[in-house]
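# Remarks on the overall topology
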Amino acid sequence: MPPSNLILIEDRPTHDRLIADAHNSSQPTVLYVSNSILPACKAFAPKLEALAERTPEVQFLVVEFCTETSDLFKFAPNQLPVLVLVKGWWARTIMGANLGELERGVKGMLEEGK
């Protein structure tokens, strides 16, 4: 069972609401855009879930890149996974399955609030 701070976004209204909430909150948020059939995304998903378990104070939003969600983003499936770190109106994009970079970004967002 995924941790409670890991939320699956399945449609545009949910995406728009959760991103607006993230912009209006001081809670760090990670938006993970994935396509579960791609090997890099398959391999990275358990690592993201483990990070979510270790950092319950961070909200993790997961979007499956498919026909229903592709119009939300300006990149192609071969660029996945993509991670977007959001805190208020600040955002940073990490291209690719770079766990170390994600962990540093999450740590930085958490330390900024102390």
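Refer to the preceding data block for the structure.
Throughout what follows, the structure given in this document is the object of discussion. (Residues numbered from 1 in each chain as written. Predicted model: local features only at pLDDT ≥ 70, side-chain atom pairs only at ≥ 80, totals over all residues. Heavy atoms only, no water.)

### Regarding the pattern of salt bridges
Throughout the structure, instances matching the rule amount to 6 salt bridges. Taking the shortest distance from any N to any O, the salt bridge between Arg104 and Glu101 comes out at 3.0 Å. Remark: Glu101 and Arg104 occur in helix 3 (residues 99-112); sequence separation between them is 3 residues, near one turn of the helix. Accessibility expressed as a relative area gives 53% for Arg104, which makes it exposed. Here Glu101 falls in the partly exposed class, since its relative accessible area comes to 22%. (Salt bridge = Lys/Arg side-chain N within 4 Å of Asp/Glu carboxyl O. Helix = DSSP H or I, 4+ residues; strand = E, 2+ residues; numbered from the N terminus. Buried < 20%, exposed > 50% of the residue type's maximum accessible area, 1.4 Å probe, protein only.)

### Points about the environment of Val106
The topology assignment puts Val106 in helix 3. Separated by 48 residues in sequence, Val106 and Val58 place their C-alpha atoms 7.9 Å apart. If we skip the residues at most four places from it in the chain, Val106 touches Val30, Leu51, Thr55, Val58 and Leu85. (Contact = heavy atoms within 4.5 Å.)

### Regarding the pairing of strand 2 (residues 29-34)
For strand 2, the buried fraction is high: 6 of the 6 residues fall into the buried class. Every second residue of strand 2 is oriented toward a common face, with Thr29, Leu31 and Val33 on one face and Val30, Tyr32 and Ser34 on the other, all of them buried. As paired strands, strand 2 and strand 3 (residues 59-64) are joined by 6 bridges and run parallel to one another. Bridging from a neighbouring strand, Thr29 pairs with Gln59 of strand 3. Once the chain exits strand 2 it traverses helix 2 (residues 39-54) before rejoining the sheet at strand 3, and the crossover so formed is right-handed. As paired strands, strand 2 and strand 4 (residues 82-87) are joined by 5 bridges and run antiparallel to one another. Among the inter-strand pairings, Val33 is bridged to a residue of strand 4, identified as Val82. (Pairing = 2+ DSSP bridges. Right-handed = clockwise from strand over helix to strand, strands pointing away.)

Coordinates in, geometry out; function isn't part of it.
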